Every structure is written in C-alpha cells, then in structure tokens.
Amino acid sequence: MNALLAGLTLLIIGDSHVTFKDSLLSVLPDEFTRQGAKVVTYGVCSSTAADWVVPNPNNGCGAAERVGDAPIGAPNMKPASPPPITSLIEKWHPNVVMVILGDTMAAYGQNAVSKDWVDEQVKTLTYAIGKTACIWVGPTWGQFSPRYGKTDQRATEMASFLKGEVAPCSYVDGTALLKQGSVNTIDGIHATPESYKVWGDAIVQATLPELEKLKDAPPAPAQ
C-alpha cells in the first residue's frame, strides 16, 4: 500500500456515476484506499445536490454505500433518499468531501438549464458541507442518445457554470480531464467500465496533490 494519503478520511458522495459496480464506485475507493486513505462512498442514482441536504426519495434507480474497498454488492433498488450530508460528516468525520454531481442538474433534452435552480441546488449543499474541505467533480463527456439527450454543448455549459458556483469547494472540470469524444457510454451518459476506469484514474491524478495537503488538516465539525 502506498501511504501517500495515510491519515486522510475521504467521504465521496454522488449520483449514478458512483452507484454501480464498474463505475466510479469501483475506481475511486479502490485507488484512494491503495494510497492509504480511509474512504467512504455513497451513491444515489438521479440525486441532485440539494437532495443530500433535504432528503428526497428518488425513483428507485439505485443506491449504494461502500466502506473502503469492500466488495460491491447489488445496489438497493428501492426508492431511497440520500443520507443528509451533515449526518455523514458527523458520522465519519472526513477531512474532505468529494462531490461528484452535475449530469443530474444539466437538464439534458430541455432547451435551457435553469441557472437559478442549479445555483440554489449547489449553494444548499456547499453551505451544509460547511467548513469541511470539499472537492467538486463536474460532469465529463458523453454521447448523444434519445434517452437522455446529453450533448457536448450542454456538458460544456454545465461544466463551465459549475466552476463559478461550487466555492468554497475546489473544482475539477470533468470535460477538461478527457478528450472530447473519448468517452464511450452504454446509454449516452453512463460510461463503459473501460471509460469509467480512464475517467476515474484522471480524477485521482487531478485530486491527489490537494488530498495530500488536506490529510493533515483536522476534520471540521458539522454545522
């Protein structure tokens, strides 16, 4: 085990990109655990940012919890509310929270993004995270499909808008990590296992320097 992140407790929350086997739920906890961190991951399919503050049962498309690099079982397919971020911070005392959200708020297939709504969503979550250090990972590229209507243009718009919204969290632009057109998907949004591995590895490399600095920071109390 590489002890680069020894002493760091990392809490990862997100949408379907961290809910299923062979997604970021596989890649990120495995690699950050190898780097010496204590990692706890929660994914709730279709969740938006404010859902992690004011619990809102989703449509039952999947929810998962993974501690460290424990084996990944089948997701809970019953309608599930994300656990409130304040309770997760109180339970796990993370040095840093990593948020992986963006696609669920991008209004794919609609004429425009409601920027006021996204602003409210993001600010609700960042306020609840409070003084705990935070890294927000925005969406990356997908492929157009009638099911979701994701386009490169909208992904770029959402990624750019989030950059100015997520403070005091630092921001990782998923579209800047990978080349446009390089992400293969199974349905337009959700990547193939191979593309999730590439995206996950890129997230790890982009965040390791900041995580290494944060490992010695005392966990902040929940608000």
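What comes next concerns the included structure. Just so you know, these numbers come straight off a predicted model, no measurement behind them. (Residues numbered from 1 in each chain as written. Predicted model: local features only at pLDDT ≥ 70, side-chain atom pairs only at ≥ 80, totals over all residues. Heavy atoms only, no water.)

1. Focus: the layout of surface pockets
Part 1 of the argument: By volume, the largest pocket is sized at about 350 Å³.
Part 2 of the argument: Lining the largest pocket are 19 residues, and of these Ser16, Ser46, Tyr148, Ile189 and His190 lie nearest its centre.
Part 3 of the argument: Tallied by class, residues from the lining of the largest pocket come to eight nonpolar, seven polar and four charged. (1 Å grid on protein atoms, 1.4 Å probe; cavity = no way out; pocket = protein on both sides within 12 Å on 5 of 7 lines; lining within 4 Å. Points joined across faces, edges and corners; volume = space filled by probe spheres on them. Nonpolar A, V, L, I, M, F, W, Y, C, P; charged D, E, K, R; others polar.)

2. Overview of the side chain of Thr48
Part 1 of the argument: As for its placement among the helices and strands, Thr48 is situated in the loop between strand 2 (38-44) and strand 3 (63-67).
Part 2 of the argument: Within the local environment of Thr48, its side chain forms a polar contact with the side chain of Gln121, the two groups lying 2.8 Å apart.
Part 3 of the argument: Thr48 has contacts with Leu101, Thr104, Met105, Trp117 and Gln121, leaving out every residue within four places of it along the chain. (Helix = DSSP H or I, 4+ residues; strand = E, 2+ residues; numbered from the N terminus. Polar contact = N/O pair within 3.5 Å; in protein donor to acceptor, adjacent residues only side chain to side chain. Contact = heavy atoms within 4.5 Å.)

3. Describing helix 3 (residues 115-129)
Part 1 of the argument: For helix 3, which comprises 15 residues, the first-to-last C-alpha distance of 21 Å matches the rise-based estimate of 21 Å (1.5 Å per residue) to within 8%.
Part 2 of the argument: Of all the residues in helix 3, the buried ones are Val118, Gln121, Val122, Leu125, Thr126, Ala128 and Ile129. Angular distribution of buried residues about the axis of helix 3 spans 165 degrees; they occupy a single face of the element. Set apart from the buried face of helix 3 by more than 90 degrees, the exposed residues are Asp116, Glu120 and Tyr127.
Part 3 of the argument: Buried residues in helix 3 make contact with strand 1 (9-14), helix 2 (85-92), strand 4 (96-100), strand 5 (133-137) and helix 4 (152-163).
Part 4 of the argument: Just past helix 3, the residue Gly130 takes up positive phi, approximately 65 degrees. (Expected span 1.5 Å × (residues − 1). Buried < 20%, exposed > 50% of the residue type's maximum accessible area, 1.4 Å probe, protein only. Arc of directions from axis to C-beta.)

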